[in-house]
Amino acid sequence: MNLRNIRILSIAVALIGLTVLYGISLSAKTPLVALSDVPQYQGTYVTAHGMVETVYTTGKRTSLTLYDKGTRMEVVTWNPVESTAVGDWISVTGRVGTYRGVPQIVVDEMLSIEHIPHATPHITIADVSGHHGEYVSVEGRIVSLVMTGRNTVIHIKDDRRSIPVFVKGLPSDQDQAITRGDRVRIAGKVVQYRRNYEIKPLSWECITVLEKGEGGFTMDELALYPELYKGKEITIVGHPQHRNGRDYLTSNGLSLLLIDHQLPETQGTVTLHGRFDYDPALFAYGLWATDQKA
Amino acid sequence: MILLEFGLVVAFATLGTLLGVATGIIPGFHANNLALILGATFPGAMAYLGFLTGYGLSPSFISILLCVALVSCAIAHTFLNFVPATFLGAPEGETALTILPAHALLLEGRGYHGVVLSAVGSYGAVLFGFAFIPLFLYVVTPAYMVLRPYIMWILLAISVVLIYSEHCQIPYKKVVIPVYGGVRLSSGPHGHEKMRIKDLRMGDRCVIEGRVAQVMGPYEYYLQDPSGRILVRAEHRWGPTPLESTRVVVEGDVAKTTGRWSRWAGRGIAAGVYCLAGCFGCLIWNLPTISYIGLPGSPLFPALAGIFGVATLIYSLMLTPEIPKQRIDEPLINWSESFWSVLIGSIPAAITVMLPGVTPAHTTVIARLGSRDRTPEQVIVTLCSVNTAYCLFSLLALFTLLRPRTGVMMSLQGLVPVHQWSGGTPPYALCCLLVAVLVSGTIGYFATIWVGKRFATFFTRIPYRKLIGGIICGLGCLAFLFTGWRGLFIMGVGAAIGLIPISMGVRRSHAMGVLLLPIILVLA
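Quick caveat: nothing in here was measured; it's all calculated off a predicted structure.

Novice: What's the story with the pairing of strand β8 (residues 151-157) of chain A in this structure? I'm lost.
Specialist: Put simply, side chains in a regular strand alternate between the two faces of the sheet. All names here are of chain A. Bridge analysis of strand β7 (residues 135-148) against β8 gives 7 bridges, and the strand direction is antiparallel. When the bridges of β8 are listed, Ile 142 appears paired with Ile 156. The loop that links β7 with its antiparallel partner β8 comprises 2 residues; one of these, Gly 149, has a positive phi angle of about 65 degrees. Between β8 and the antiparallel strand that follows it, strand β9 (residues 162-168), lie 4 residues.

Novice: Sorry, what's going on with the pairing of strand β3 (residues 220-225) of chain B here?
Specialist: All names here are of chain B. Taken together, the 5 bridges between strand β2 (residues 205-217) and β3 define a ladder with antiparallel strand orientation. Paired with Gly 217 across the two strands is Glu 220, which belongs to β3. Counting the residues between successive antiparallel strands, the hairpin from β2 to β3 contains 2 residues, one of them, Tyr 219, with a positive phi of roughly 60 degrees. Sheet analysis places β3 next to strand β4 (residues 228-233), joined by 6 bridges and oriented antiparallel. Directly across from Leu 223, in β4, lies its bridge partner Ile 230. Hairpin connection of β3 to β4: 2 residues between the antiparallel strands.

Novice: Looking at this model, I keep getting lost on the interface of chain B and chain A. Mind explaining?
Specialist: One frequently used descriptor of interface size is the decrease in accessible area upon assembly of the parts. Facing 28 residues of chain B, the contacting portion of chain A comprises 28 residues. Looking at the side of chain B that touches chain A, the elements with two or more residues in it are α2 (31-48), α8 (262-285) and α15 (464-504) of chain B. At 8 residues, the largest contribution of residues to the side of chain B that touches chain A is made by α15(B). Considering only residue class, the side of chain B that touches chain A consists of 20 nonpolar, 8 polar and no charged.

Novice: What exactly am I supposed to notice about the nonpolar core here?
Specialist: As a rule of thumb, nonpolar side chains are buried together in soluble globular proteins. Cys67(B), Val68(B), Leu70(B), Val71(B), Phe393(B), Leu433(B) and Ile497(B) are the most contacted members of the largest nonpolar core, which totals 157 residues. Considering every element that reaches this core, the biggest residue donor is α15(B), with 18 residues. Those residues in contact with Val68(B), other than ones at most four positions away along the chain, are Val9(B), Phe12(B), Ala13(B), Gly16(B), Cys432(B), Leu433(B) and Ala436(B). Core analysis: the second largest hydrophobic core is formed by 38 residues, Val52(A), Val107(A), Val138(A) and Val190(A) among them.

Novice: Looking at this model, I keep getting lost on the environment of Leu433(B). Mind explaining?
Specialist: If you trace the backbone, Leu433(B) turns up in helix α14 (residues 428-458). Expressed as a C-alpha distance, the spacing of Leu433(B) and Leu65(B), which sit 368 residues apart in the sequence, is 8.7 Å.

Novice: Teacher, can you tell me more about the environment of Lys198(B) here?
Specialist: The residue Lys198(B) is located in the loop between β1 (173-185) and β2 in this model. Counting along the chain gives 30 residues from Lys198(B) to Gly228(B), while the straight-line C-alpha distance between them is 5.9 Å.

Novice: Just checking my understanding: could you explain helix α11 (residues 360-369) of chain B for this structure?
Specialist: For an α-helix the count is 3.6 residues per turn, leaving residues at separations of three or four pointing the same way. Residue and element names in this part refer to chain B. Burial analysis of α11 places 9 of its 10 residues in the buried class, the great majority of the element. Considered for burial, the residues of α11 that qualify are Pro 360, Ala 361, His 362, Thr 363, Thr 364, Val 365, Ile 366, Ala 367 and Arg 368. If you follow the buried residues of α11, they end up packed against α7 (151-164), α10 (335-352) and α12 (376-400).

Novice: Is there a simple way to explain unusual backbone geometry in this structure?
Specialist: Glycine aside, residues mostly have negative phi, and peptide bonds are mostly found in the trans state. With a phi angle near 70 degrees, Arg195(A) is a residue other than glycine that sits in the positive phi range. By the secondary structure assignment, Arg195(A) is in the loop between β10 (183-193) and β11 (196-200). On the neighbour-count criterion, Arg195(A) (5 C-beta atoms within 10 Å) is exposed. Of note, the phi angle at Ser245(B) is positive, near 75 degrees, even though the residue is not glycine.

Novice: Please clarify how α15(B) should be interpreted in this entry.
Specialist: With 41 residues, α15(B) should reach 60 Å at 1.5 Å per residue; the first-to-last C-alpha distance of 24 Å falls well below that figure. Taken from the residues just after α15(B), Gly505(B) is the one with a positive phi, measuring 90 degrees.

Novice: Can you help me understand the packing of α11(B) against α12(B) in this one?
Specialist: Each packed pair of helices is defined by two parameters, the angle between the axes and the distance between the axes. Residues and elements named next belong to chain B. Interhelical geometry of α11 versus α12 gives an angle of 135 degrees and a closest axis separation of 9 Å. The angle between α11 and α12 falls in the class oblique. You can see that α11 and α12 cross each other, and the crossing is right-handed. Residues Pro 360, Thr 363, Thr 364, Ala 367 and Arg 368 of α11 lie in contact with α12, whose contacting residues are Val 379, Thr 382, Leu 383, Val 386, Asn 387 and Tyr 390. When its residues are assigned to classes, the contact of α11 with α12 shows 6 nonpolar, 4 polar and 1 charged.

Conventions used here
- Residues numbered from 1 in each chain as written.
- Chains lettered and ligands numbered in written order.
- Predicted model: local features only at pLDDT ≥ 70, side-chain atom pairs only at ≥ 80, totals over all residues.
- Pairing = 2+ DSSP bridges.
- Helix = DSSP H or I, 4+ residues; strand = E, 2+ residues; numbered from the N terminus.
- Contact = placed C-beta atoms within 7 Å.
- Nonpolar A, V, L, I, M, F, W, Y, C, P; charged D, E, K, R; others polar.
- Core = buried A, V, L, I, M, F, W, Y, C linked by C-beta atoms within 7 Å.
- Buried ≥ 20, exposed ≤ 12 C-beta atoms within 10 Å, placed from the backbone.
- Expected span 1.5 Å × (residues − 1).
- Axes fitted to C-alpha atoms, helices over the stretch in contact; angles between N-to-C directions.
- Parallel < 35°, antiparallel > 145°, perpendicular 65-115°, else oblique.
- Left-handed = near helix turned anticlockwise from the far one by under 90°.

Below, the structure is given as structure tokens:
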């Protein structure tokens, strides 16, 4: 074979080969694998989904910890990932490598990180116990918002049940304008604290306000943390109710005993202001109302 | 304890060197593939060497020992891989447009001389590398910090310089080369049928009659007839050059010659090869491949093996050379020239190791731009010093810049904690690895000469075409095992792309666009 033929043949084969490779690259997407299976794909490109648990940036290098179904995987990228926050569900495409013997996904293209909306399974508060240790998303109305030192405990309630939500940090530190009465969706991990289930979101960004409430103090908060408000002046809204010879103020299925106070006969809501305290004679907490608005 | 640790480092370095010697003589097998295989076997090796903890050695030191073996294997590989590169893949000397310096020596029966010179170049690079460590630490590393934001532009500039520096001139002008005695003054009818200049075709034997339009120089003039004009260039230099306006009859062969645009045509082809290889690189960059043996595989392995390994072998198979009997005598080495060649090879390696995607192939081209002596002997010394110096400086770059520039360094980074060295006492792991480099370099030097001598002795007894065919099949098998059918296809396309620069006569290093272009696009 002479040089001329070698030239023609090599150019023809190269061009045909590149065309075929283009077709293959369009059709052959990187395999979508579960995070737990990623180590088996050492040295190759894979696509994996997971929730961002941590984001750590040093210089141009950003490390993300992805979580899915009990498996965590380190993702390393040298591209800016400003739009990715803790709690986001993302899809990453990168090469599987190892760093000090630990598998990791190295992402070398910015487009390789995509956000996946609502990938966390959405459940009702009643079903939380069946998802222990998993990341879930629940919806409910905030019935209490209590700061404990440097953290916050929120109670959310849907139609049937309520559940505490433990969030690191204080709401005032965040831009989130979360108030009592807001209807929210919270994505977090189901954990047990003193044998009770609670939701532990990774950050305040995992709490999405779906509907703004009226705010103010709620009866639920009083029922959950009576000792916190013992001896304090409070203002509370509810429906007057008279039963067993005593007056109560009811709201959201809860009743507050009114001590030494006569309520007017009305079907509407009333707002009472007074001192919340424990009555040892009745073995119950009650309200010594001093002011009343119809 | 220090003696025990030192002894183990030397022992593992020797072990790694022997492994590097074995892999170095496998043509087309890259040290990065070895790093992938060794990286996959390291957890098992760590468990196997667990008994060493009974002697008071920490698990981190055991992992350093494995890295010592890996680095010494990579260094020895850079020494030994020149042996198959010299003896295999040479094209037929007369027809080849480009011929590698080692192949030029092989066709002169001096393949062994080339191997000895390569060993000198590689070992010189090891010694130079050690002397250059302080300069690397205090000059190159800070320079990298300054230049880091502009790496994309530097890579682009390097690509342009490489293409612009292409020396190949593509002949495109028609020329008539008269046969011996084929020029005479026109005097009446001529025995042969005359052709018009316009109708001449490449490769024709023709008889043309016309008037000398312009004399360009001795035995070179333009001949004109009513249909056009053509250059006549007498190569045999026989008889006088006709004067202007003289009518002559020329009998000769129509060929192509270089013209004003030949250099630019060469650059254009170089740019075409770069872009074609770059497109190839972009297409395979993220292409998933499946390994049939459960080992990690990357599409770059079949691509690079195809472009630089299989293409050369196929070319050699198509234009099989007559390999003469090889001389086994010690070559005369010009030590002062060799010293400069090592220096010219090693300094660019220290600089280009900062840049991602710039490989020893590019570094060689840059080094050759600055070299005075372009004899095959000194080019071999420069080329081999670049390869070994690049391997050594990539180790230093890992510890000073925290950037792994080769597959071996990427594996190493995953095995031991890499602490940045910015001055003062080097990290313990780096000290052990530098000892390994020295041990491996010394053993590698003697091993290269020994293996080269054996190769030169037995090589001519082996049927060349069968050997080349077997190696191509072997590379195909490796590509299939590592990357499956898709990898085999990539290797085929890579071989076709690799054949273009060889058959066109431009440098093969332009095909390194397969790495450079995707990196530039990622950085952009």
